[in-house]
Amino acid sequence: MKTKFPPVYYADYLQLDRLLDCQTTRSEKYLKEPAHDETLFIIIHQVYELWFKQILHELDSVMAVFKDAYVSENNMGVAVARLTRIIEIQKLLVQQVDVLETMTPLDFLEFRDLLVPASGFQSYQFRLLENKLGLLPGQRQNFDKHAYYSRLSHEHQALMTQALAGPSLYQLVENWLERTPFLRFEGFDFWENYKVAVKRALDKDREILLTNPLLTDKEKAKELKEFSAAETGFLALFDETEHNDLIKQGVRRLSYQATQAALLINLFRDEPVLHIPFQFLTCLIDIDELFTTWRSRHALMVQRMIGTKVGTGGSSGHTYLRATAHGHKVFSDLTNLSTYLLPRSELPRLPEEFRKNLGFYYSRDHES
Ligand code: HEM
């Protein structure tokens, strides 16, 4: 095939000579016998870092879209496609642990001491990812008094400072949600109507409980107590002051206005205009969940590999990693919205004019 561009050779295009020359084992240099599995150990980390690079590339492009004051439907489609790509890569990242686990703990011990004090803990691309997604500095599990970035080179520390100076994806999404135009729309107040629907649904549930012929009076009283506690939690959603208190306490993060918008998108995601926003929010939940899955998988692999020994980076190893799997989530508030969903049959009926508007892509004219 002829083209107007100069020809290129496959190995040159991919710079294969450089790429395939980057697997220098320390065991070969420092031990009498090279450790066979060290090559796998290096390649697997390099492959992870390449995928991290690709994820950052996709994430940066999505964040660029959301930095605009107005996010068009076309761009929303692109954002969903890019986040979906991240999700597919993350699934690979989880699977790759299986390949690493073909190395036995004994084989790992052949070269483990040569790695100190290096560790995945110093993966600056992984830290960039966390920061760009929106992990808060206060959320981090520290295993000693030194912050994670103190173990990075000055050059990599500067990248962290730069990432933390700009808005994270979390903040951009929160701003975007706060701009959702449909919360109050031509005489229809979503929040007020939703509140009525919630009260109706709760009253129905209480009635079912009170009229259950299988329960004794004592059992009913007990269940009613539990129900009232759950009801109080649910109704707290309608109290902005309480919501803001929970934010101050670090229990919640998403602003009141953004929470309302995210709920609207979830509840009415069958309306055409909300399809893509719903897919977008679902992607964020998937990304959070897949990083948690990777962290848990990595933590289990580490336990299998080193038991209860400390890590080469100095942490308690498995125990520390398990804590990060639990604590380093960014979009938990979106995931937890399921608490507040109602069956479709219980949802407030949307006025016809409002539904008609939801049937088309909204334009700048509808922005409040
Ligand atoms: C034999 C294989 C591995 C072992 C035994 C291992 C062990 C550990 C340990 C113990 C830590 C905690 C920090 C420390 O004390 O060093 C850690 C952190 C980490 N490792 Fe691994 N690891 C392995 C493979 C990998 C691979 C293949 C990756 C891929 C990039 C990776 C990425 C990370 C990351 C990103 C962290 C930081 C996690 C956080 O702080 O939340 N590790 N690893």
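Refer to the preceding data block for the structure.
An account of the accompanying structure is given in this report. (Residues numbered from 1 in each chain as written. Predicted model: local features only at pLDDT ≥ 70, side-chain atom pairs only at ≥ 80, totals over all residues. Heavy atoms only, no water.)

Taken together, 28 residues are adjacent to the ligand, and S119, R127, H298, S315 and Y320 come closest. S119 places a polar side-chain atom, nitrogen or oxygen, 2.7 Å from an oxygen atom of the ligand. Between the ligand and the protein, one listed contact pairs an oxygen atom with a side-chain N or O atom of R295 at 2.7 Å. Secondary-structure elements contributing two or more residues to the shell around the ligand are α4 (38-67), α7 (124-133), α14 (272-306) and α15 (318-327). (Near = heavy atom within 4 Å. Polar contact = N/O pair within 3.5 Å; in protein donor to acceptor, adjacent residues only side chain to side chain. Helix = DSSP H or I, 4+ residues; strand = E, 2+ residues; numbered from the N terminus.)

Counting through the fold element by element, F52 comes out in helix α4. Considered as a pair, F52 and L128 are 76 residues apart in the sequence and their alpha carbons are 9.4 Å apart.

In this structure the tally under the stated criterion is 22 aromatic pairs. Between the aromatic rings of F234 and Y340, the centroid separation amounts to 5.3 Å while the plane-to-plane angle is 65 degrees, which identifies the pairing as edge-to-face. Within this pair, whereas F234 is found in helix α11 (residues 217-235), its partner Y340 is found in the loop between α16 (332-335) and α17 (352-358), the two being separated by 106 residues in sequence. Assigned by exposure class, F234 and Y340 land together as buried. Taken together, F190, W191, Y194, F238, Y256 and F268 form an aromatic cluster joined through their ring pairs. Directly above the ring of F121 sits R127, whose terminal nitrogen or CZ lies 4.7 Å from the centroid. Here R253 stacks its cationic end above the ring of Y170, 3.7 Å away from the centre of that ring. (Phe/Tyr/Trp six-rings, centres within 6.5 Å; stacked < 30°, edge-to-face > 60°. Buried < 20%, exposed > 50% of the residue type's maximum accessible area, 1.4 Å probe, protein only. Lys NZ or Arg CZ within 6 Å of the ring centre and 35° of its normal.)

Looking now at a negative patch on the surface. Taken together, the side chains of D239, E240, E242 and D245 define an acidic patch exposed on the protein surface. Positionally, E242 belongs in helix α12 (residues 240-248). (Patch = residues over 30% accessible without salt bridge, like charges linked within 9 Å, V, L, I, M, F, W, Y side chains within 5 Å. Areas by Shrake-Rupley, 256 points an atom, 1.4 Å probe, with all protein chains shown as cover. Salt bridge = Lys/Arg side-chain N within 4 Å of Asp/Glu carboxyl O. Lys, Arg positive; Asp, Glu negative; His and termini not counted. Charge placed at Lys NZ, Arg CZ, Asp CG, Glu CD.)

This part is about the coordination of the iron atom of the ligand. Coordination of the iron atom of the ligand by the protein involves just one donor, H298 (NE2), at a distance of 2.2 Å. When you line up the elements, H298 lands in helix α14. (Donors = N, O, S within 2.8 Å, 3.2 Å for Na, K, Ca; no water.)

Moving on, we get to the pattern of salt bridges. Close approach of charged atoms allows side chains with opposite charge to pair. One pass over the full model with this rule turns up 18 salt bridges. Here E58 and R85 are joined by a salt bridge, their closest N and O atoms 2.9 Å apart. Of this pair, E58 sits in helix α4 while R85 sits in helix α5 (residues 73-100), placing them 27 residues apart in sequence. Within this structure, D98, E101, R297 and R304 form a network of salt bridges that share partners.

Mapped onto the elements, T324 comes out in helix α15. Sequence-distant contacts of T324, that is, excluding residues within four places in its chain, are made with Q141 and R295. (Contact = heavy atoms within 4.5 Å.)

Moving on, we come to helix α13 (residues 256-267). A rise of 1.5 Å per residue sets the reference length of α13, with its 12 residues, at 16 Å; its end C-alpha atoms lie 16 Å apart and thus fit the reference within 8%. Where burial is concerned, most of α13 is hidden: 11 out of the 12 residues are buried. Every buried residue of α13 is accounted for by Y256, A258, T259, Q260, A261, A262, L263, L264, I265, N266 and L267. Residues of α13 that are buried sit in contact with α9 (169-178), β1 (184-185), α10 (190-210), α12, α14 and α16. (Expected span 1.5 Å × (residues − 1).)

Glancing now at unusual backbone geometry. Across the chain, the bulk of peptide bonds are trans and the bulk of non-glycine residues have phi less than zero. For the peptide bond that leads from V116 to P117, omega is 0 degrees, which places it in the cis range. Its location among the elements puts P117 in the loop between α6 (105-109) and α7. We note that Q15 has phi near 45 degrees; this positive angle belongs to a residue other than glycine. By secondary structure assignment, the location of Q15 is in the loop between α1 (10-13) and α2 (16-19). The exposure class of Q15 is partly exposed, given its relative accessible area of 40%.

In this structure, Y170 sits in helix α9. Separated by 36 residues in the primary sequence, Y170 and G134 have C-alpha atoms spaced 5.1 Å apart. When residues no more than four places from it in sequence are discounted, the contact partners of Y170 are L133, G134, R253, L254, V330 and F331.

Moving on, we come to the side chain of K132. Here K132 lies in helix α7. Accessibility expressed as a relative area gives 18% for K132, which makes it buried. Apart from the residues within four sequence positions on either side, K132 is in contact with L56, L59, D60, M63, A163, S168 and L169.

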